[in-house]
Amino acid sequence: GSMAADVTTTATCGYCSTGCGLRLHVRAGEAVGLTPETSYPVNLGMACPKGWEALRVLDSPERATTPLLRGADGKMHPVEWDQALRTFVTEIRGVQDRHGIDSVAFLSTGQIPSEEMAFLGALTRFGMGIKHGDGNTRQCMATAVSAYKESFGFDAPPYTYDDFEQSDCLVFIGANPCVAHPIMWERVLRNPNDPKIIVIDPRRTETATAATEHLQIRPKNDLALLYAITNVLIERDYVDHDFVAALTEGFDTLREHVAAYDVDTVARAAGISAASIIRTAEAIGTGRAVSLWWTMGVNQSYEGTRTAQAIINIALLTGNIGRPGTGANSITGQCNAMGSRLWSNTSNLLGHHRFEDENDRRKVAQALGMDEACIPSEGSWKYDRIIEGIRRGEIKGLWVIATNPAHSWIHQSDARELFDKLEFMVVQDMYHTTETAQHAHLVLPSAGWGEKEGTFINSERRYGLIKKVRRAPGQALADFHIFRAIAHYWGVADQFAEWTDPEAVFRILQRLSRDQPCDITGIDGYRHLDACGGIQWPWTQQDAAKSSSDTNGGAPGKPPQERRLFADGRFYRPNSRALFVVDQVQPMPERTDPVYPILLLTGRGSVSQWHTQTRTRQSPVLRSLYPVEPYIEINPVDADELEIVHGEKVNVLSRRDEITVTANVTATVRRGQAFMPMHYEATNRLTLAHFDPHSGQPSYKNCAVRIIAN
Ligand code: SF4
């Protein structure tokens with residue numbers, strides 16, 4: 001037919017961290033269709049509905065196609081790029097002049113490629129004197145980062161997706177891969193070992209329904225439960241003593257600490273049976289290859305870092321790390337959350353170097369060919385501190401790139417009021433209609449996935465390529481080119497002379513990675529990534545030399561498709577040993593009481609929804625796959641008592657706000673609990689701004705509410 005493609009090419013999906021390969025069918029330079037890539041090592045020919053619909057959402061009438069500037073009439077008006085960029089520089093500089101250099105901050109994302117992220121981080125912090133900036137990865141992955149860094153010495157998720165298929169026991173903690181990571185879940189279904197699947201989750205999720213054992217704990221009993229499981233493992237001597245002696249430190253502290261978590265007490269508090277805790281410990285203790293997986297149920301908690309480390313402790317204690325089918329494995333959320341962790345240049349200097357370390361600063365300055373003096377000696381404020389800075393009047397200018405905090409930030413109504421206090425706010429996004437863009441003085445129109453190139457890093461540390469297969473609409477530009485233009489208008493183009501295009505920046509990132517655990521000096525450019533179906537870090541020059549002489553007579557070699565960390569038994573701490581970390585269990589920051597008797601959980605609602613729906617609601621197919629109107633899941637017994645009927649409207653009140661949503665009466669939640677998907681704008685009107693002290697991650701999953709029939 002006339003729409004037949006003349007070429008196909010493969011790119012990594014731009015939604016979640018699975019990083020599926022999508023085959024794009026291109027005609028006359030424009031993608032006309034896509035199908036999942038069958039030869040890509042990640043997804044084995046599959047994709048979820050979001051991936052299938054990835055091109056559709058680019059065609060929306062809500063796309064920003066010109067820069068928009070708020071006029072004296074309070075309305076947004078289209079302007080040319082030249083005027084937009086002049087205004088950007090005048091206004092941002094004006095704020096810095098009036099209120100001090102540190103009065104401007106930025107908020108970025110895990111949705112843009114590593115090259116763009118590094119450019120933004122370098123431009124702001126080394127070029128524009130902007131000290132404070134953070135990413136929306138603070139909302140999803142920060143906890144895993146701080147846990148891994150302290151326990152392993154580096155932010156290093158150890159696994160490879162093949163581990164889903166090689167375990168004989170898989171434990172999911174606060175994770176619902178059926179819905180959140182469906183292609184990873186397909187791997188579990190392919191596991192030939194008839195594995196035990198244990199799910200620890202207060203909600204009866206789709207994954208819990210498919211599990212061998214579901215520990216449906218009362219919310220936030222996870223840390224105590226993990227300590228009780230550890231206690232049983234030690235008491236019954238399911239300890240890998242050789243591993244513990246050779247490769248870890250802190251075991252005695254661990255043993256003494258968990259002795260206080262006796263099974264009966266923890267079981268009673270958590271609302272589960274003591275027998276189920278013992279069965280779980282036995283399954284972990286007797287398993288040949290045990291893998292433990294966590295996502296937001298753990299990360300988005302006021303004690304998330306310690307909970308993640310309690311999971312890591314179990315893997316270390318039982319020697320379940322560095323072998324096929326094992327690991328203490330954080331599954332990331334966004335397509336490039338892992339890129340943000342390495343390359344955003346906010347809390348960590350590029351490539352997980354340290355701002356505080358003079359040698360690191362010198363090394364990075366040399367790799368960049370920049371003056372060492374332009375590199376600050378401390379990291380940025382975290383996200384919550386930036387928001388607090390707006391409240392206190394310390395931050396007066398804000399630049400928001402590819403994220404939607406007016407919907408996603410915890411206790412969102414507060415954030416919205418704060419955005420209105422800003423003297424100048426820039427929103428750079430594909431769509432001019434996001435909740436956050438409503439507060440902007442200036443909107444800069446961005447190209448999206450499919451309209452630009454760069455690399456994403458998926459959950460198993462695999463660099464994958466995205467490609468330009470469509471022209472961006474109107475005057476929209478790749479974020480990369482917006483950053484280049486800003487560098488020019490700001491007057492620092494010379495400093496970024498080498499940053500000409502994404503692949504040039506990829507080479508800079510390679511230099512920066514040298515001798516770090518995330519070393520990728522062995523990758524031979526984008527073409528090599530393309531030929532290999534992506535490449536997992538680390539891939540060093542030595543690895544490359546070895547593989548090319550082994551297999552290809554000198555050509556760039558293909559790394560083995562599945563590579564996990566710590567197979568050599570060396571962790572990244574100074575003495576190469578992993579550390580057991582323990583802490584006291586903390587009380588929930590907001591408890592239920594007679595006025596607000598129900599605890600609200602939040603999470604992903606549907607496989608076809610993505611975060612704040614900015615993109616997914618642009619696809620009629622995806623919209624038809626989930627309820628457009630917000631809903632709340634309520635236990636049938638609670639509904640009965642409250643005289644609430646399934647399908648009718650209810651009012652939900654927290655100490656912060658009140659919303660009206662549809663009641664979904666279902667036994668997915670236990671009595672005294674309710675659940676709302678995060679994808680609806682209303683959800684974060686209710687949540688309580690509270691944070692993990694180590695990671696700064698918001699605790700989205702516990703606020704007290706009252707539900708009343710409308
Ligand atoms: Fe794969 Fe995730 Fe994209 Fe779905 S959203 S196709 S699971 S990468």
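Bear in mind that the values here come from a model prediction, so they are computed numbers and not experimental data. (Residues numbered from 1 in each chain as written. Predicted model: local features only at pLDDT ≥ 70, side-chain atom pairs only at ≥ 80, totals over all residues.)

Colleague: Lay out the overall build of the chain with the relevant residues and their values.
Modeller: Per the secondary structure count, the chain includes 27 helices and 26 strands. Taken over C-alpha atoms, the radius of gyration comes to 25 Å for the chain, in line with the 27 Å a tight globule of 710 residues would show. Along the three orthogonal principal directions, the C-alpha set of the chain runs to about 70 × 70 × 60 Å. Sorting the 710 residues of the chain into buried and exposed places 58% on the buried side. Considering only intrachain contacts with a sequence separation of at least 6, the fraction spanning at least 24 residues in the chain is 73%. (Helix = DSSP H or I, 4+ residues; strand = E, 2+ residues; numbered from the N terminus. Rg over C-alpha atoms; globule rule 2.2 N^0.38 Å. Buried ≥ 20, exposed ≤ 12 C-beta atoms within 10 Å, placed from the backbone. Contact = placed C-beta atoms within 7 Å.)

Colleague: Now, about the nonpolar core: what can you tell me, with residues and values included?
Modeller: Residues Leu-225, Ala-228, Ile-229, Ile-277 and Ile-311 are the most contacted members of the largest nonpolar core, which totals 188 residues. The greatest single-element share of this core, amounting to nine residues, is contributed by helix α9 (residues 222-235). Excluding its chain neighbours within four sequence positions, the residues that come into contact with Ile-229 are Ile-277, Thr-280, Ala-281, Ile-284 and Ile-314. One finds Leu-601, Ile-644, Val-669 and Ala-674 within the second-largest nonpolar core, a separate group that totals 22 residues. (Core = buried A, V, L, I, M, F, W, Y, C linked by C-beta atoms within 7 Å.)

Colleague: Report on the domain arrangement of the chain, specifying residues and quantitative values.
Modeller: Taken domain by domain, the chain holds domain 1 (7-59), domain 2 (68-132 + 340-494), domain 3 (142-331) and domain 4 (598-709). With centres defined by C-alpha atoms, the gap from domain 2 to domain 3 works out at 36 Å. Across the contact, five residues belong to domain 2 and eight residues belong to domain 3. A per-class count over the side of domain 2 that touches domain 3 returns no nonpolar, two polar and three charged. (Domains from an automatic or database assignment. Nonpolar A, V, L, I, M, F, W, Y, C, P; charged D, E, K, R; others polar.)

Colleague: Lay out the site of the ligand with the relevant residues and their values.
Modeller: In the neighbourhood of the ligand, 13 residues make up the surrounding shell, with Cys-13, Cys-16, Cys-20, Cys-48 and Gly-51 lying closest. Those elements that provide at least two residues to the shell around the ligand are α1 (49-52) and α7 (182-190). Broken down by class, the residue content of the shell around the ligand amounts to eight nonpolar, four polar and one charged. (Near = placed C-beta within 6 Å.)

Colleague: Tell me about the pairing of strand β3 (residues 30-36), residues and numbers included.
Modeller: As paired strands, strand β2 (residues 21-27) and β3 are joined by six bridges and run antiparallel to one another. When the bridges of β3 are listed, Leu-22 appears paired with Pro-36. Once β2 ends, the chain turns through two residues before running back antiparallel as β3, passing Ala-28 with a positive phi of about 50°. (Pairing = 2+ DSSP bridges.)

Colleague: Got a sec to walk through the sheet that holds strand β18 (residues 462-468)? Specific residues and values, please.
Modeller: The strand order across the open sheet formed by three strands is β17-β18-β19, and the pairing between neighbours is antiparallel. Unpaired on one side and paired on the other, β17 (451-457) and β19 (535-536) mark the two borders of the sheet. Sheet strands in contact with helix α23 (residues 525-532) are β17, β18 and β19, and its direction is about 105° off that of β18. (Axes fitted to C-alpha atoms, helices over the stretch in contact; angles between N-to-C directions.)

Colleague: Tell me about the environment of Thr-280, and name the residues and values.
Modeller: With respect to the helices, strands and loops of the structure, Thr-280 is situated in helix α13 (residues 274-286). Exposure remark for Thr-280: the 24 C-beta atoms within 10 Å place this residue in the buried category. Spatially, the C-alpha atoms of Thr-280 and Val-585 are 21 Å apart, while their sequence positions differ by 305 residues.

Colleague: How would you sum up the environment of Arg-187? Please name residues and give values.
Modeller: The topology assignment puts Arg-187 in helix α7. A residue is classified by how many C-beta atoms lie within 10 Å of it, and Arg-187, with 21 of them, is buried. Taking the C-alpha atoms as reference points, Arg-187 and Leu-477, separated by 290 residues in sequence, lie 37 Å from one another. Those residues within four positions of Arg-187 in sequence are excluded, and the remaining contacts are Tyr-161, Phe-164 and Glu-165.

Colleague: Which residues make up the sheet that holds strand β21 (residues 598-603), and what values go with them?
Modeller: Read around the closed barrel, the six strands follow the order β21-β25-β22-β24-β23-β26; overall the barrel is mixed. Taking each pair of neighbouring strands and ignoring which way they run, the sheet shows an average axis angle of 45°. Here strand β23 (residues 649-653) runs beside strand β26 (residues 703-709); their pairing, made up of four bridges, is antiparallel. Note that in β26 the partner of Val-652 across the bridge is Ile-707.

Colleague: Please provide a residue-by-residue account of unusual backbone geometry, values included.
Modeller: Put simply, Trp-537 and Pro-538 share a cis peptide bond, and its omega is 0°. Structurally, Pro-538 can be placed in the loop between β19 and α24 (541-551). In this model, Ala-402 sits at a positive phi of 55°, which is unusual for a non-glycine residue. Counting through the fold element by element, Ala-402 comes out in the loop between β14 (397-401) and α19 (405-408). According to the C-beta neighbour criterion, Ala-402 is buried, with 24 such atoms within 10 Å. Phi at Arg-461 is positive, roughly 70°, even though this residue is not glycine. In this fold, Arg-461 is placed in the loop between β17 and β18. You can call Arg-461 buried: it has 25 C-beta atoms within 10 Å.

Colleague: Before we move on, can you summarise the confidence of the model for the chain with the specific residues and values?
Modeller: Averaged over all residues, the pLDDT of the chain is 96; the fraction at 70 or higher stands at 99%. Scored as a whole, the predicted complex attains pTM 0.97, and scored at its interfaces, ipTM 1.00. (pLDDT = per-residue confidence, 0-100.)

Colleague: So what's going on with helix α2 (residues 81-99)? Residues and values would help.
Modeller: With 19 residues, α2 extends 27 Å between its outermost C-alpha atoms, agreeing within 8% with the 27 Å of an ideal straight helix rising 1.5 Å per residue. Residues of α2 that are buried: Ala-84, Leu-85, Phe-88, Ile-92 and Val-95. Looking down the long axis of α2, one finds its buried residues gathered within 105° of arc, a one-sided arrangement. Of the exposed residues in α2, those oriented more than 90 degrees away from the buried face are Asp-82, Thr-90, Asp-97 and Arg-98. If you follow the buried residues of α2, they end up packed against β4 (68-70), β6 (104-108), β14, β15 (424-429), β16 (442-445) and α21 (479-490). Positive phi shows up at Gly-100, right after α2, with a value of about 100°. (Expected span 1.5 Å × (residues − 1). Arc of directions from axis to C-beta.)

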